[in-house]
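Okay, here's what each chain looks like letter by letter:
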2 protein chains.
Amino acid sequence: LSPTNDRHPLAAVIVVGTELTQGFSRESNSVQLGRWLSERGLRVVSAQKLPDDIGTVASAVRAYAGTVDVLIITGGLGSTHDDITREALAEAIAAPLEKDERAYEVIAARVPANADKDSFLRQAYLPRGTAAIMPEAGTAPGIAAELNGMLIFSLPGVPREMESMLGFVDGELRRHGRTNAPPRVVRARLTGRTEPEVARLIGPVLDAYPQLTVNILAKPEEISLTLISYEDLESAFDEIKSLLGDCVFSDKGESLAEVVGQLLLERELTVGTAESLTAGEIGALLASVPGASRYLTGGIIAYENKIKTELLGVAPEILENAGAVSAETAAAMAEGARLALGCDIGLAVTGIAGPSGGTKEKPVGLVYTGLAVNGSVITERAIYEGERETVQRKTAFHALDLLRRFLIGAAE
Amino acid sequence: LSPTNDRHPLAAVIVVGTELTQGFSRESNSVQLGRWLSERGLRVVSAQKLPDDIGTVASAVRAYAGTVDVLIITGGLGSTHDDITREALAEAIAAPLEKDERAYEVIAARVPANADKDSFLRQAYLPRGTAAIMPEAGTAPGIAAELNGMLIFSLPGVPREMESMLGFVDGELRRHGRTNAPPRVVRARLTGRTEPEVARLIGPVLDAYPQLTVNILAKPEEISLTLISYEDLESAFDEIKSLLGDCVFSDKGESLAEVVGQLLLERELTVGTAESLTAGEIGALLASVPGASRYLTGGIIAYENKIKTELLGVAPEILENAGAVSAETAAAMAEGARLALGCDIGLAVTGIAGPSGGTKEKPVGLVYTGLAVNGSVITERAIYEGERETVQRKTAFHALDLLRRFLIGAAE
């Protein structure tokens, strides 16, 4: 993925906004555009956040001319005094701002009632010799320009408005021959392993294939692995997949809840939850998938012990002898959920989310998961590190993954 | 916030990684550093993602020398062949890489078992004349350098390792007089209003105070407003606060669940939930706050209708006549939760998350919220736009906000 010495056109991205450079806000346009350009075979040599300052943006635009083939700018096209991209672009290409009649009409028709019409109509003034990219929504037209052979596309910062103009940009890139074959990208989402474990596992393959770029994005509850190559490296991809094995829950991008839902539908099974420390997170994850009502009956958030006994039928002796955080309680909760909710599978978690409540024998992060089905129960024990919400999230994902492993016959 | 013409030192940030420029991964170091630099009175003139390419990074470093006072680079200091920041820095300041004895010893002691020791020890070779910033964790030392008066700090890309070196950077900035008074930053988090509504409401104040930089970060479920000024603008801040009124739930950064939890503790009240379309999300939000067990008793995820009748005691006639998605059902669920869970307040939601299941009379996004306390019940009706998960999230936040408004006496 070296940005030079090949036939892949070079691109740069500028994202305009002082709130972005100063860290008061975050943006994702540069990520989306990076991916979009990658998919068209362009190499991005820089993705740069710049403040709302005409001179700074104009200098950057001029500096990219002669270096890259395509420059995409987002943001700064709105109607307020902070919006300086039109002026910066005019300065960069040394062209005065002029009224664009077509843009003027569209904007005039769309100015919100009670708004300051003049400030909105400023958006119709574009650098001479450039072309307006008409907005599908909103009032800010994009601008298509050229400087020393570099194609420039200035797009709105609002992601939806920006996206609506990418079809036009795509056409222009193809018309000017500024695209190439995209890299091969393979993705895998997995859970139940830590990032160092994954790195150690696949390390030898990466060493053997230096042309392969790998990205490991580790969230507390799951790991996304992205493998990128401009060459044909099927054998490397296959080796990595087989090294990772069953802990990969998806290689097509689906979430864990989607995978579990699909398995439940295929096997015609319903599920209900009994949640202590996650307090509903497992149910909410299951219900995030459209059509979840076909396999999710409901759940019981048993935060207090009395709810474990009264609604889930956990015997008081179990709570007294083994404790609320125990394999016995997790098993009884899972079986209780199955009965109380009238479903095929009861899925239960109990544990200590922290930061307080831990003991030497039962530390913060200790979690028991239970899965009851057909009179038999599986339980698992784990200790999760992290803050309270991290422990809760890992617990919820672990429970869903236990359900997944049970459904594919990989849980014991 | 113009980056020139004042005494605020200028800074730039470079984040190294081809997976970042190509959009295969996202980073937050540039946001964190932007904020960190802001808090020290520096103005960030550029925050730039660059690929793993020695020449590209070296050129960028040289281009910043003479332009900014401080350059912070993150990433590319690891032990793999992709890690090129040491080489790029050496090329930029025209100094060969030399072994740093102190770094060598620390790294040698920390190389993981079974790892390729030589590749790790590469990290101990730093450009001549620069200083190692010793890592608290991990094996990658940071590098402190200087080029034409510009202070350069090259830090690891792993956020925790980067953060552990910021204390050192802070000391260096102060020692070299490269800090200034930070801007005044006022934040407000609010819910129950759309972004255009907020923009319209506070627009006149922003027009009256052009020195004020405002950032509105709109998530489906809440809006974060950040007001930034290098001048004293208390009156503007006060005007904006009074315009926004009761829909602001926090001006200190707390989450809605934290605010609600604090109010419940102060009033010595407990709560339990009955959730249909959110399937546990309200319970999970409440339980995300440490100590939630002092006011959250539990909940019932009543996804299927039979659970609404069997566990929440909703009369079958209500479901039959008014329907599962109705004010009557929300009220009965709230009261049922209060009784079944033995708590002071029952909080219930029922609605249609979509994408299917809507009718002309009861469209996708229709949600009823119920709050039962002391024998009386409040219900609210709303129609939320968006995808399934957006409707669910807005519903959960609305329910928490109804609880908040009830607790401060602002719900009817």
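Residues numbered from 1 in each chain as written. Chains lettered and ligands numbered in written order. Predicted model: local features only at pLDDT ≥ 70, side-chain atom pairs only at ≥ 80, totals over all residues. Heavy atoms only, no water.

Moving on, we get to the interface of chain A and chain B. Contacts between chain A and chain B engage 76 residues on the former and 75 residues on the latter. Surface buried jointly by chain A and chain B totals about 5,900 Å² across both partners, of which 57% is contributed by carbon and sulfur atoms. The tally of links from chain A across to chain B stands at zero salt bridges. Put simply, chain A and chain B have 34 residue pairs in polar contact (both at pLDDT 80 or more) between them. Ranked by the residues each element gives to the side of chain A that touches chain B, the list is headed by strand E2 (residues 43-50) of chain A, at eight residues. Looking at the side of chain A that touches chain B residue by residue, the classes come out as 32 nonpolar, 29 polar and 15 charged. Relative to strand E2 (residues 43-50) of chain B, E2(A) runs antiparallel, the two sharing three bridges. Paired with Lys49(A) across the two strands is Ala47(B), which belongs to E2(B). (Contact = heavy atoms within 4.5 Å. Buried area = accessible area lost by both parts, 1.4 Å probe. Salt bridge = Lys/Arg side-chain N within 4 Å of Asp/Glu carboxyl O. Polar contact = N/O pair within 3.5 Å; in protein donor to acceptor, adjacent residues only side chain to side chain. Helix = DSSP H or I, 4+ residues; strand = E, 2+ residues; numbered from the N terminus. Nonpolar A, V, L, I, M, F, W, Y, C, P; charged D, E, K, R; others polar. Pairing = 2+ DSSP bridges.)

Attention now goes to the pattern of salt bridges. Residue and element names in this part refer to chain A. For the structure on display, the rule yields 34 salt bridges over all chains. The salt bridge partner of Lys252 is Asp251, with a shortest N-O separation of 3.4 Å. According to the relative accessible area criterion, Lys252 is exposed, its value standing at 69%. A salt bridge links Arg267 to Glu266, with the nearest nitrogen and oxygen atoms 3.4 Å apart. Owing to a relative accessible area of 36%, Arg267 belongs among the partly exposed residues under this scheme. Given the relative accessible area of 52%, Glu266 is considered exposed. Bridged by salt links that share partners, the residues Glu39, Arg40, Asp170 and Arg174 form one connected network. (Buried < 20%, exposed > 50% of the residue type's maximum accessible area, 1.4 Å probe, protein only.)

Residue and element names in this part refer to chain A. Of all six residues in strand E7 (residues 142-147), five are buried; the element is thus mostly enclosed. As paired strands, strand E6 (residues 131-133) and E7 are joined by three bridges and run antiparallel to one another. The residue bridging Ala132 from the neighbouring strand is Ile143, located in E7. Here E7 pairs with strand E8 (residues 150-155) via five bridges, running antiparallel. Looking at the pairing, Glu146 lines up with Leu151 of E8. Between the antiparallel neighbours E7 and E8 lie two residues, among them Asn148 with a positive phi of about 50°.

This part takes up empty space enclosed by the protein. Scanning the model with the defined rule gives two cavities of 30 Å³ or more in all. By volume, the largest cavity amounts to about 40 Å³. Mapped by element, the contributors of at least two residues to the lining of the largest cavity are strand E9 (184-190), strand E11 (223-229) and helix H10 (234-244) of chain B. At four residues, H10(B) tops the list of elements feeding residues into the lining of the largest cavity. Size it by volume and the second largest cavity reaches roughly 30 Å³. In this structure, the second largest cavity is lined by Val186(A), Arg187(A), Ala188(A), Leu225(A), Leu227(A), Ile240(A), Lys241(A) and Leu244(A). Looking at the lining of the second largest cavity, the elements with two or more residues in it are strand E9 (184-190), strand E11 (223-229) and helix H10 (234-244) of chain A. (1 Å grid on protein atoms, 1.4 Å probe; cavity = no way out; pocket = protein on both sides within 12 Å on 5 of 7 lines; lining within 4 Å. Points joined across faces, edges and corners; volume = space filled by probe spheres on them.)

Further remarks concern the sheet that holds E11(A). All names here are of chain A. Pairing in this open sheet of four strands is antiparallel, and the strands run E10-E11-E9-E12 from one edge to the other. Either end of the sheet is taken by a strand with one partner, and the two such strands are strand E10 (213-218) and strand E12 (248-250). Direction aside, the axes of adjacent strands within the sheet are offset by 30° on average. Direction of pairing for E10 relative to E11: antiparallel, over a ladder of six bridges. Residue pairing in the sheet places Leu217 in a bridge with Ser224 of E11. (Axes fitted to C-alpha atoms, helices over the stretch in contact; angles between N-to-C directions.)

Our next topic: the relation of the copies chain A and chain B. Overlaying chain A on chain B yields an RMSD of 0.1 Å, the required transformation being a rotation through 180° with an accompanying axial translation of 0.1 Å. Interpreted geometrically, this transformation is the action of a two-fold axis. When the interface residues of chain A are mapped onto chain B, 99% of them again fall at the interface, so both copies present the same face. (Least-squares fit on C-alpha atoms with pLDDT ≥ 70 in both.)

All told, the structure shown has zero aromatic pairs over all chains when counted by the stated rule. A cation sits over an aromatic face here: Arg40(A) above Trp36(A), 4.0 Å from the ring centre. The ring of Tyr104(B) has Lys99(B) sitting right over it, with the charged end atom 3.9 Å from the ring centre. (Phe/Tyr/Trp six-rings, centres within 6.5 Å; stacked < 30°, edge-to-face > 60°. Lys NZ or Arg CZ within 6 Å of the ring centre and 35° of its normal.)

This brings us to the sheet that holds strand E10 (residues 213-218) of chain B. Note on sheets: strands pair through backbone hydrogen bonds, and any given pair is parallel or antiparallel. Residue and element names in this part refer to chain B. Read from one edge to the other, the open sheet built from four strands follows the order E10-E11-E9-E12, with strand pairing classed as antiparallel. A strand with exactly one partner marks an edge of an open sheet, and here the two such strands are E10 and strand E12 (248-250). Averaged over all neighbouring strand pairs, the angle between strand axes comes to 30°, with direction disregarded. In this sheet, E11 lies alongside E9 in antiparallel orientation, the contact comprising seven bridges. When the sheet's bridge partners are listed, Arg189 is paired in E11 with Ser224.

So, about unusual backbone geometry. All names here are of chain A. Here the amide bond leading from Gly354 into Pro355 is cis, since omega sits at 5°, within 30 degrees of zero. As for its placement among the helices and strands, Pro355 is situated in the loop between strand E15 (345-351) and strand E16 (366-373). Phi is positive for Ala94, which is not a glycine, with a value near 55°. One can find Ala94 in the loop between helix H4 (85-92) and strand E4 (97-99). The exposed category is assigned to Ala94, whose relative accessible area is 70%. The backbone phi angle of Glu268 is positive, close to 55°, even though this residue is not glycine. Looking at Glu268, the relative accessible area reads 70%, which means it is exposed.

Time to look at helix H9 (residues 195-208) of chain B. Residue and element names in this part refer to chain B. Across its 14 residues, H9 extends 20 Å between first and last C-alpha, which sits within 8% of the 20 Å expected from 1.5 Å per residue. Largest kink in H9: about 50°, centred on Ile202, with the proline Pro204 one to four residues after it. Taken residue by residue, H9 has Val198, Ile202, Gly203, Val205 and Leu206 as its buried positions. Turning to H9, the residues buried within the fold contact E9, E10, E11 and H10. (Expected span 1.5 Å × (residues − 1). Bend = angle between axes of the 7 residues up to and from the residue.)

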